[in-house]
Each structure stands twice: as C-alpha cells, then as structure tokens.
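Residue-level structural notes
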Amino acid sequence: MDLLRIVKAWTTVFAVALALCVFHGASSEAAWTLAVTNQWLASLAGFIGGVNVDIVCLSGWNSEGKTVRLRAKDLGPIDRVMAMDREEVDSFKAYLNDKVSVRVLYRDFPSSEGFGEVFSDPGTLPFVGQRVLVAMADLDPDGYEYYQRRLAEFQSRLDSTVSMGRRLLSGARILDLSGSQGELFRAAGCSVFDGDDKVRASVDLAISSAKGSEREKVLKELLNSTIAYDVVLLDYQSGLKLSLPSGKYPIVVVHPLDVGLDPITVIYDRYLAVWNVLRNTAG
C-alpha cells in the first residue's frame, strides 16, 4: 500500500470516528457549562467532556495570533472552572467569586515549557487527560463513566494517529522553529533540530522584511539557510507575519489549539501538512 492510499484510509477512519463522537449518547440529560482558563486545555477538556459539557474559554486568540483574555462582562454566569494550576487561577481572579467551584489539574504545573509543547506531546497528553477526567468527574460525578470512555477513546485515537505519523514521516529531517512541536515529530520517528543562531536570524530577517520587493529575496535566503532540512516548522505568529503562499515553500505553520477544535484532528493535520511538503518535494 503506497503512502497516498494510507492517508486516504486514515482519513476515512477519522471521518467514522468523528461521526461516532457526534452520535455517542451523553450520560446526563442536559449539558453543563465549564469555564476553562486557556485555549489548549479548553480543546482537551472539550474532547473529554463531549456532549455532556459546554466549554467556555476565558482566553482566546487575537488577529495577530496572541493570547488575549475575554472581558468578564462579556461572559455569562460562571459556576464551575478548570485551570492548570493555582497560579493560573490567581491570574483569573476577576472572573471568580466564592460561589464558583474551581478545580486545578496541578498544584504547580510541573513544566517550564509552554502550553503549546505540553499539549502537542503524545507522551504527556494522556497524563494531562487523566487529570482532566478526575477534575471533570469531581464537578459532575454522574458523568464519570462517560468521561472515562471519552478518555479511552482519546488515548486510542492518539496512538493510532502517532502510528500513522510514523508510517508517513519516519526519517524526515524537521527544523522546528515553532518551539513546541519537537516531541510530536520525534514520536513519528523524525529527526528534529532546533536550529542555530544563524538560522533563527534568517527567520527574524524574513519576518521583519516580509514586505514589498524584499519579500521574495528574503524568503529565498531563508530557504538557503535551511537546505539541510526537509521541512521547517514555524509558529502561528511568525506564519501570520510572513503571509506565506500556500505550497510554495517547504514550510509548515503550526496553528494552535483552541476551544471547539478536536486535539487529535489537529495533530493529524500537522502530520499530514508535513507529509504533503515531503510529497511535493519528492515529486
């Protein structure tokens, strides 16, 4: 079976899985509302909560790809909140009062890395998901079995997606300038590099000069500095500033998680975007 047939087969599997998610029954009669402090956690909580839970995220992305907080007056009543740790809860005090039930996943979040990396790491995600399950079931005990099934489905789909990634991408040389995708592509058997100061300087120059007649020249210089790699990964903010034409460069822009997005589908799409670059280059 060639790679294209593999991708088509996995696309069919994902379509079936998503359909099952839609028609899978809830354990309670009506959905309850859960406020979540950040967009990455909102995506994972939305998956595990399924049809039982309506997720409201207290932060979001602006047009420049930066995180911004929603205004408290623009939100409806909040009575249950989930956060990563106590520090994050303290930073959202304006949204809370004594009547709000707050659950935190960690006392102090045990990572110095950003959320983008933590929520893209196949080795870490199941453990974070387990804590989401416990916190969610504590807020809604009657839904425990449903949330447990959702977590099991999450783990199964994550394993299948990483397995697909290994089939398509194993051996690829990835330059990760996004700062968050290293573990995701190492799990797929790729060789991942962070880049040296010269490469990063080329990226900064390309971003700052991405206007007018200088744009094409600077982008070509960027490609020359990354010739040793098959694919270059850029973060969303950098991608927005560069305004890259689709398919013209071996560069993949990593879009972040957000409320309403299926975290497994996002990982699948990242693998597929890199595979498309490899396929186009080989062709």
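Preceding this paragraph is the structure being described.
Residues numbered from 1 in each chain as written. Predicted model: local features only at pLDDT ≥ 70, side-chain atom pairs only at ≥ 80, totals over all residues. Heavy atoms only, no water.

This part covers the sheet that holds strand β2 (residues 53–57). Taken in spatial order, the four strands make up an open sheet running β2-β1-β5-β6, and their pairing is parallel. Bordering the open sheet on either side are β2 and β6 (101–104), each of which pairs with just one other strand. For this sheet the average axis-to-axis angle between neighbouring strands, irrespective of direction, equals 30°. The strands that helix α2 (residues 39–49) touches are β1 (32–36), β2 and β5 (80–83); relative to β2, the one it contacts most, it runs at about 175°. Along the sheet face, helix α5 (residues 125–139) touches β1, β2, β5 and β6 and points at about 165° away from the line of β5. (Pairing = 2+ DSSP bridges. Helix = DSSP H or I, 4+ residues; strand = E, 2+ residues; numbered from the N terminus. Axes fitted to C-alpha atoms, helices over the stretch in contact; angles between N-to-C directions. Contact = heavy atoms within 4.5 Å.)

A few words on the sheet that holds strand β7 (residues 173–176). Taken together, four strands build an open sheet; the order of strands is β8-β7-β9-β10 and the sheet is parallel. Here the strands that pair on one side only, and so sit at the sheet edges, are β8 (191–193) and β10 (251–254). Each adjacent strand pair in this sheet contributes to an overall mean axis angle of 25°, direction not counted. As defined by bridge partners, strand β9 (residues 231–235) adjoins β10 across four bridges and the pair is classed as parallel. Bridge pairing in β10 places Leu234 opposite Val253.

So, on to the packing of helix α6 (residues 144–169) against helix α11 (residues 263–282). Direction vectors running N to C along α6 and α11 enclose 5°, while the axes themselves pass 10 Å from each other. With respect to their mutual orientation, α6 and α11 come out roughly parallel. The segment α6 lies against α11, with Phe154, Arg157, Leu158, Thr161, Val162, Met164, Gly165, Leu168 and Leu169 engaging Pro263, Ile264, Thr265, Ile267, Tyr268, Tyr271, Val274, Trp275 and Leu278. Residue classes in the contact of α6 with α11 are distributed as 14 nonpolar, three polar and one charged. (Parallel < 35°, antiparallel > 145°, perpendicular 65-115°, else oblique. Nonpolar A, V, L, I, M, F, W, Y, C, P; charged D, E, K, R; others polar.)

Counting 58 residues, the largest nonpolar core has Phe119, Val132 and Met136 as the members making the most contacts within it. When residues in this core are grouped by element, the largest group, 10 residues, is from α11. Contacts of Phe119, omitting those with residues within four sequence positions, involve Trp40, Leu41, Leu44, Met84, Leu125, Val128 and Leu257. Core analysis: the second largest hydrophobic core is formed by 15 residues, Leu177, Ala206, Ile207 and Leu223 among them. (Core = buried A, V, L, I, M, F, W, Y, C linked by side-chain atoms within 4.5 Å. Buried < 20%, exposed > 50% of the residue type's maximum accessible area, 1.4 Å probe, protein only.)

This next bit is on the pattern of salt bridges. Per the counting criterion, the structure on display carries seven salt bridges. Lys66 is paired through a salt bridge with Glu64; the nearest N and O atoms lie 3.9 Å apart. For Glu64, a relative accessible area of 48% gives the class partly exposed. A salt bridge links Arg150 to Glu153; the shortest N-O distance between them is 3.6 Å. (Salt bridge = Lys/Arg side-chain N within 4 Å of Asp/Glu carboxyl O.)

All right, on to the environment of Arg270 then. If you trace the backbone, Arg270 turns up in helix α11. Setting aside residues no more than four positions away along its own chain, Arg270 makes contact with Ser120, Gln181, Leu184, Phe185, Val254, His255, Pro256 and Leu257. Separated by 3.1 Å, the side chains of Arg270 and Gln181 make a polar contact. (Polar contact = N/O pair within 3.5 Å; in protein donor to acceptor, adjacent residues only side chain to side chain.)

On to the packing of aromatic side chains, then. Summed over the entire model, instances satisfying the criterion amount to 10 aromatic pairs. Between Tyr106 and Phe109, the ring centres sit 5.2 Å apart and the planes meet at 65°, which makes this aromatic pair edge-to-face. Phe109 matches Tyr106 in its accessibility class, with the two residues each being buried. Taking 5.7 Å as the distance between ring centres and 65° as the angle between the ring planes, the aromatic pair formed by Tyr146 and Tyr147 counts as edge-to-face. With respect to burial, Tyr146 and Tyr147 carry one shared label: buried. (Phe/Tyr/Trp six-rings, centres within 6.5 Å; stacked < 30°, edge-to-face > 60°.)

Let us now look at the pairing of β2. The two faces of β2 differ: Val53, Ile55 and Cys57 on one face are buried, but Asp54 and Val56 on the other face are not. The sheet contact formed by β1 and β2 spans five bridges and is parallel. Within β2, the position partnered with Ala35 by the bridge is Val56. Read as a crossover between parallel neighbours, the route from β1 over α2 to β2 is right-handed. (Right-handed = clockwise from strand over helix to strand, strands pointing away.)

An ideal rise of 1.5 Å per residue puts 16 Å on 12 residues; helix α9 (residues 214–225) measures up with 17 Å between its terminal C-alpha atoms. Looking at α9, one finds that the buried residues are Arg215, Val218, Leu219, Leu222 and Leu223. Angularly, the buried residues of α9 cover 145° about the axis, an arc narrow enough to put them on a single face. Of the residues in α9, the exposed ones pointing more than 90 degrees away from the buried face are Lys220 and Asn224. Among the structural elements, α8 (197–208), α10 (236–242) and β10 are those in contact with the buried residues of α9. (Expected span 1.5 Å × (residues − 1). Arc of directions from axis to C-beta.)

In short, shape yes, function no, at least from these values alone.
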